Amino acid sequence: TGGVPRVPAPVTSVLSLAVTSEQIEHLHRRFKQLSQDQLTIRKENFDSIPDLEFNPIRGKIVHAFFDKRNLRQESDGLADEINFEDFLTIMSYFRPIEMNMDEEQLDRFRKEKLKFLFHMYDSDHDGKITLQEYRNVVEELLSGNPHLEKESARSIADGAMMEAASICVGQMGPDQVYEGITFEDFLKMWQGIDIETKMHVRFLNVDTIAHCY
Amino acid sequence: PGAAAMGTGTPPSPSGTAFEETRLHVFTLDYPHVQIPFEITLWILLASLAKIGFHLYHKLPSIVPESCLLILVGLLLGGIIFGAEEKSPPVMNSDVFFLYLLPPIVLDAGYFMPTRLFFENFGTIFWYAVVGTLWNAIGIGISLYGICQISAFGLTDITLLQNLLFGSLISAVDPVAVLAVFENIHVNEQLYILVFGESLLNDAITVVLYNLFKSFCQMRTIKVIDIFAGIANFFIVGIGGVLIGILLGFVAAFTTRFTHKIRVIEPLFVFLYSYLSYITAEMFHLSGIMAITACAMTMNKYVEENVSQKSYTTIKYFMKMLSSVSETLIFIFMGVSTVGKNHEWNWAFVSFTLLFCLIWRALGVFVLTQIINVFRTIPLTFKDQFIIAYGGLRGAICFSLVFLLPPAVFPRKKLFITAVIVVIFFTVFIQGITIRPLVEFLDVKRSNKKQPAVSEEIYNRFFDHVKTGIEDVCGHWGHNFWRDKFKKFDNKYLRRLLIRENQPKSSIVSLYKKLEIKHAIEMAESGMISKVPSSVSLSDYHEGKIKPLSPTEMENMREILTKNLYQIRHRTMSYNRHSLAADAGEKQAKEILIRRRHSLRESLRKTNSLSRERPVLAFSNDFF
């Protein structure tokens, strides 16, 4: 559905090489903890993580683990359960850059990470972030704040959407309507920010050895 | 300067009789009465006029940093005074520097420090500041001692301890010089915070080393216990300074909670408490710089919410003004103090000092970076290392410290002064001027001074939560974990105590509100507030002042306003907390104004009246 450019998925086995065996061990231990020694994890297993409760976008994060687009499967929609390989696949989105990456690899790396974020925003999987979805995101983000009314959250989302429109489409005529943020627009908006250095979890950097792709 | 009192009447002569009295003076000149404030005012006025002069030729500040020009002016002045009076001009008193001129600059820097970036890089900054300065001090001291041993240079009377002391005072990277040079070249924030943070934090170790070696020079024997005392002293100096700063920062925040009836003196509390933290730390011989930085960083968040908008603007502007004046004065005085008779030139000592400063700095940065890169998530590249090494500028702090050396213990004090001046001039002039072309040549990542956009803030928040969530899933305690914990503690206890009207705030909301207010002011100034209200006024109004509309009508209103605001709300002005130079912003505001008037004229021309083509907009006018 709807023109989402598919990034060529690298082979999963190569992907798991991007994290060292020590990290895989650690993640495996964690996986077993979460799954209670089963082979797969379901959504309910995430309830056992105490600190995650306080996260305002908890729902979206958990959802991201089961999103088939993130799991590099050709189909769409949500998986019911994921195995360890899938778990690793999701974690690999958060690996840090390595010193010896060239321009093309960096660019691909960046696109992958941004795609992950894009999928979190685009909840109905149609390849566009519409105003409603954006409002949803902002409301969730501000949901931890009891004093804030829904109205404020909506006006903020509207304001942000307008900024996005002005960046992506520029000057708009009075009757033009901005459909939604596509992935290309999303890339444009994040252009100034070096996401590849920010989007990583520290732990995944323990003792990385350079690998060739 | 010091003209005697003159009068039109005859001054009483010593041999005059007791009956002769002086007539009434119609006009008198009494300079000694006002001498001190008069001179201070003249100096400050001169400094500010010099600043105006530099900016007359607009290209000048971009090629040559202001610090160089100011030193040149100082040299000129010093030369004039020296020529006129045949004696050394008033050398900048170290007390004046440390007690009056330095605090405003550090306060300004600490208040506007990007705290998040600072804490993310804290380990690296601390590493460079402490270990780096130690490395430099001891390296320079020992190598200079080696040079002094060579009898051909005539330096054999300088002992090892004296060399070590000299090494410790010259290895201090100076925050004033760094600020002066880096503010024009706009390197990326990460690099800036590393160099600048280092220059702030190294004050602790500089103070300790300086006092340590100075005492050692005066002591007969040195025992091992003294060395341990030195190490303990370091911890006390550093941590003590920070604690004083934090404590007074909280007191200041607490005080501002109750100032809503006397808004006019609110800014005063900010300045008084920070200055108090500085001099309290100095009183105990702790690190004043760290105290005032800690105070400013602590105070910032809470004070901002308690004080009124006007007070906040006052604080910002006054702080910037004070620090600017201080900086200017410091550089001019450095120039003035250079001219004079307290120099002793020795080719070997001076040139080797300079050489060793450069070599040890470069080596130090290189070696330390290799070690710290293991612990960093984003390793520092060679380019970064080069800029960090090159940005290690020396300035007024070493200058003042060298003047404080007791001449009884240091018979060769003049030699040291000369060497320090040469090093400072080299770093400020040569390194200061060449760093900009080097940054461009090396293509170092520059800071993208983008305007803060609400969408960006939303992304950043979203991002933080994603990262925290993933870290929770991984079972890993990262930076985000600690930051989260601190935020919770902050919300639960600190904010309740220190902020008057405590509502849990979101950075997204506050940024949005700030931009809305700016936008509203902009629109009011341009006279276009009548036609299209912004959505903030929409949500404020609809509470109870007008007849209620059904939700669907409200929906329509919203949609239409949203669409129409596309044309008008192009971009909002930048709200850059680090500098108040709004040159770009003003130009942009003018541009927006022109575009708006143009678009309004266009639509008027097209439709012949605003209301006919847009019936619903007319409806909205009735509504408001």
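Please read these numbers as outputs of a predicted model, since none were measured by experiment. (Residues numbered from 1 in each chain as written. Chains lettered and ligands numbered in written order. Predicted model: local features only at pLDDT ≥ 70, side-chain atom pairs only at ≥ 80, totals over all residues. Heavy atoms only, no water.)

What follows covers the overall build of chain A. Counting its regular elements, chain A contains nine helices and two strands. Along chain A, helices (α) and strands (β) appear in the sequence α-α-β-α-β-α-α-α-α-α-α when read from the amino end. For chain A, the residues scored as buried account for 50% of the 213 residues in total. A fraction of 60% describes how many contacts in chain A between residues 6 or more apart in sequence connect residues 24 or more apart. In the structure as shown, chain A presents an accessible area of about 10000 Å², 50% of it carried by carbon and sulfur atoms. (Helix = DSSP H or I, 4+ residues; strand = E, 2+ residues; numbered from the N terminus. Buried < 20%, exposed > 50% of the residue type's maximum accessible area, 1.4 Å probe, protein only. Contact = heavy atoms within 4.5 Å. Areas by Shrake-Rupley, 256 points an atom, 1.4 Å probe, with all protein chains shown as cover.)

Per the secondary structure count, chain B includes 25 helices and zero strands. In chain B, the proportion of contacts linking residues at least 24 apart, taken out of those at least 6 apart, comes to 81%.

The subject of this paragraph is the side chain of B:Thr256. Residue and element names in this part refer to chain B. With respect to the helices and strands, threonine 256 occurs in helix H10 (residues 224–256). For threonine 256, a relative accessible area of 1% corresponds to the buried category. From its side chain, threonine 256 meets the backbone oxygen of alanine 253 in a polar contact 2.7 Å long. (Polar contact = N/O pair within 3.5 Å; in protein donor to acceptor, adjacent residues only side chain to side chain.)

Considering all chains together, one arrives at nine salt bridges over all chains under this definition. Residue A:Lys111 pairs with A:Asp107 through a salt bridge whose shortest N-O separation is 3.5 Å. One end of the pair, A:Lys111, and the other, A:Asp107, are both in helix H5 (residues 103–121), four residues apart, so they sit about a helical turn from each other. Owing to a relative accessible area of 40%, A:Asp107 belongs among the partly exposed residues under this scheme. Here the salt bridges share partners, and the residues they tie into one network are B:Asp157, B:Glu344 and B:Arg412. (Salt bridge = Lys/Arg side-chain N within 4 Å of Asp/Glu carboxyl O.)

Moving on, we get to the domain arrangement of chain B. Residue and element names in this part refer to chain B. Domain parsing of chain B yields domain 1 (94–327 + 342–420 + 436–442) and domain 2 (450–508). In this structure, domain 1 and domain 2 have C-alpha centres spaced 31 Å apart. If you look at the interface, domain 1 gives 13 residues, while domain 2 gives 14 residues. Of the roughly 1300 Å² buried between domain 1 and domain 2, counting both surfaces, carbon and sulfur atoms make up 44%. Considering only the surface of domain 1 that becomes buried against domain 2, Arg257, Tyr302 and Glu305 emerge as the three largest contributors, covering 44% of it. For the interface between domain 1 and domain 2, the tally reads zero salt bridges. The tally of links between domain 1 and domain 2 comes to zero residue pairs in polar contact (both at pLDDT 80 or more). At the level of secondary structure, the elements contributing two or more residues to the side of domain 1 that touches domain 2 comprise helix H5 (115–120), H10 and helix H12 (288–306). (Domains from an automatic or database assignment. Buried area = accessible area lost by both parts, 1.4 Å probe.)

Turning next to the packing of helix H15 (residues 382–390) of chain B against helix H17 (residues 413–442) of chain B. All names here are of chain B. Interaxial distance between H15 and H17 falls to 11 Å at its minimum, and their mutual angle equals 170°. Taken as axis vectors, H15 and H17 run roughly antiparallel relative to one another. Each of Lys383, Phe386, Ile387 and Tyr390 in H15 lies in contact with H17, whose residues at this interface are Ile430, Gln431, Thr434, Ile435, Leu438, Val439 and Leu442. The class makeup of the residues in the contact of H15 with H17 is eight nonpolar, two polar and one charged. (Axes fitted to C-alpha atoms, helices over the stretch in contact; angles between N-to-C directions. Parallel < 35°, antiparallel > 145°, perpendicular 65-115°, else oblique. Nonpolar A, V, L, I, M, F, W, Y, C, P; charged D, E, K, R; others polar.)

Now for the packing of helix H7 (residues 160–170) of chain B against helix H9 (residues 189–218) of chain B. Residues and elements named next belong to chain B. Running from N to C, H7 and H9 cross one another at 165°; their axes reach a closest spacing of 9 Å. Between H7 and H9, the crossing angle belongs to the class labelled roughly antiparallel. When you trace H7 past H9, the crossing you get is left-handed. Judged by residue contacts, Leu161, Gln162, Leu164, Leu165, Ser168 and Leu169 of H7 engage Thr206, Leu209, Tyr210, Phe213, Lys214, Phe216 and Cys217 from H9. Grouping the constituent residues of the contact of H7 with H9 by class yields nine nonpolar, three polar and one charged. (Left-handed = near helix turned anticlockwise from the far one by under 90°.)

All names here are of chain B. The topology assignment puts leucine 286 in the loop between helix H11 (266–283) and H12. The exposure class of leucine 286 is buried, given its relative accessible area of 11%. Sequence spacing of leucine 286 and isoleucine 236 is 50 residues, and the spatial spacing of their C-alpha atoms is 7.4 Å. Residue contacts for leucine 286: discarding those within four places in its chain leaves Ile236, Val237, Gly240, Gly241, Ile244 and Ala281.

All names here are of chain B. For the structure on display, the rule yields 30 aromatic pairs over all chains. Both rings, one in phenylalanine 118 and one in phenylalanine 122, keep their centres 5.7 Å apart while their planes meet at 70°; by these two values the pair is edge-to-face. For phenylalanine 122, a relative accessible area of 33% corresponds to the partly exposed category. Ring geometry for phenylalanine 271 and phenylalanine 318: centres 5.4 Å apart, planes at 75°, overall edge-to-face. Placement of the pair is phenylalanine 271 in helix H11 and phenylalanine 318 in helix H13 (residues 309–338), with a sequence separation of 47 residues. (Phe/Tyr/Trp six-rings, centres within 6.5 Å; stacked < 30°, edge-to-face > 60°.)

By the secondary structure assignment, A:Ile49 is in the loop between strand S1 (41–42) and helix H3 (58–66). Residues A:Ile49 and A:Leu34, 15 residues apart in the sequence, show an inter-C-alpha distance of 8.1 Å. Apart from the residues within four sequence positions on either side, A:Ile49 is in contact with A:Arg30, A:Leu34, B:Asp472 and B:Val473.

Residues B:Leu102, B:Tyr111, B:Phe182 and B:Phe349 are the most contacted members of the largest nonpolar core, which totals 134 residues. With 17 residues, the single largest contributor to this core is H9(B). Ignoring sequence-local partners within four residues, the contact set of B:Phe349 consists of B:Leu144, B:Cys148, B:Leu155, B:Ile158, B:Asn163, B:Phe166, B:Leu415, B:Phe416 and B:Ala419. Of all hydrophobic cores here, the second largest spans 61 residues; its members include A:Leu52, A:Ala64, A:Leu88 and A:Ala157. (Core = buried A, V, L, I, M, F, W, Y, C linked by side-chain atoms within 4.5 Å.)

Our next topic: the confidence of the model for chain A. All names here are of chain A. On average, chain A scores 71 in pLDDT, and the residues at 70 or more come to 71%. When mean pLDDT is taken per element in chain A, helix H6 (residues 131–141) scores highest with 82 and helix H1 (residues 12–17) scores lowest with 43. Every residue in residues 1–17 is under pLDDT 50, and counting partners more than four places away or in other chains gives 23 contacts. Within the model, the stretch residues 205–213 combines pLDDT values under 50 with 20 contacts to residues more than four positions away or in other chains. (pLDDT = per-residue confidence, 0-100.)

Now for the side chain of B:Thr328. Residue placement: B:Thr328 occurs in helix H13. Dropping the residues within four chain positions of it, B:Thr328 is found in contact with B:Ala47, B:Lys51 and B:Leu70.

As a further point, take H7(B). Residue and element names in this part refer to chain B. Burial runs high along H7: nine of the 11 residues are buried. Buried residues of H7: Gln162, Asn163, Leu164, Leu165, Phe166, Gly167, Ser168, Leu169 and Ile170, and no others. Taken together, the buried residues of H7 touch helix H6 (122–149), H9, helix H14 (347–373), helix H16 (396–403) and H17.

Turning to a nonpolar patch on the surface, a few remarks are in order. A cluster of nonpolar residues, B:Met219, B:Ile222, B:Val224, B:Ile227, B:Phe228, B:Ile231, B:Phe235, B:Ile239 and B:Leu243, forms a patch on the protein surface that exposes about 880 Å² of accessible area. The partly exposed category is assigned to B:Met219, whose relative accessible area is 32%. (Patch = residues over 30% accessible without salt bridge, like charges linked within 9 Å, V, L, I, M, F, W, Y side chains within 5 Å.)

All right, on to the environment of B:Phe153 then. As for its position among the elements, B:Phe153 is in the loop between H6 and H7. Note: C-alpha distance between B:Phe153 and B:Trp347 (194 residues apart in sequence) is 8.3 Å.

Residue and element names in this part refer to chain B. Taken as a whole, chain B shows an average pLDDT of 76; of its residues, 76% reach a score of 70 or greater. Ignoring residues within four places in sequence, the model shows residues 1–13, a span with pLDDT below 50, making 20 contacts including any to other chains. Counted against residues more than four places away or in other chains, residues 529–548, with its pLDDT under 50, gives 31 contacts. Across the interfaces of the predicted complex, the ipTM metric reaches 0.81, alongside a pTM of 0.72.

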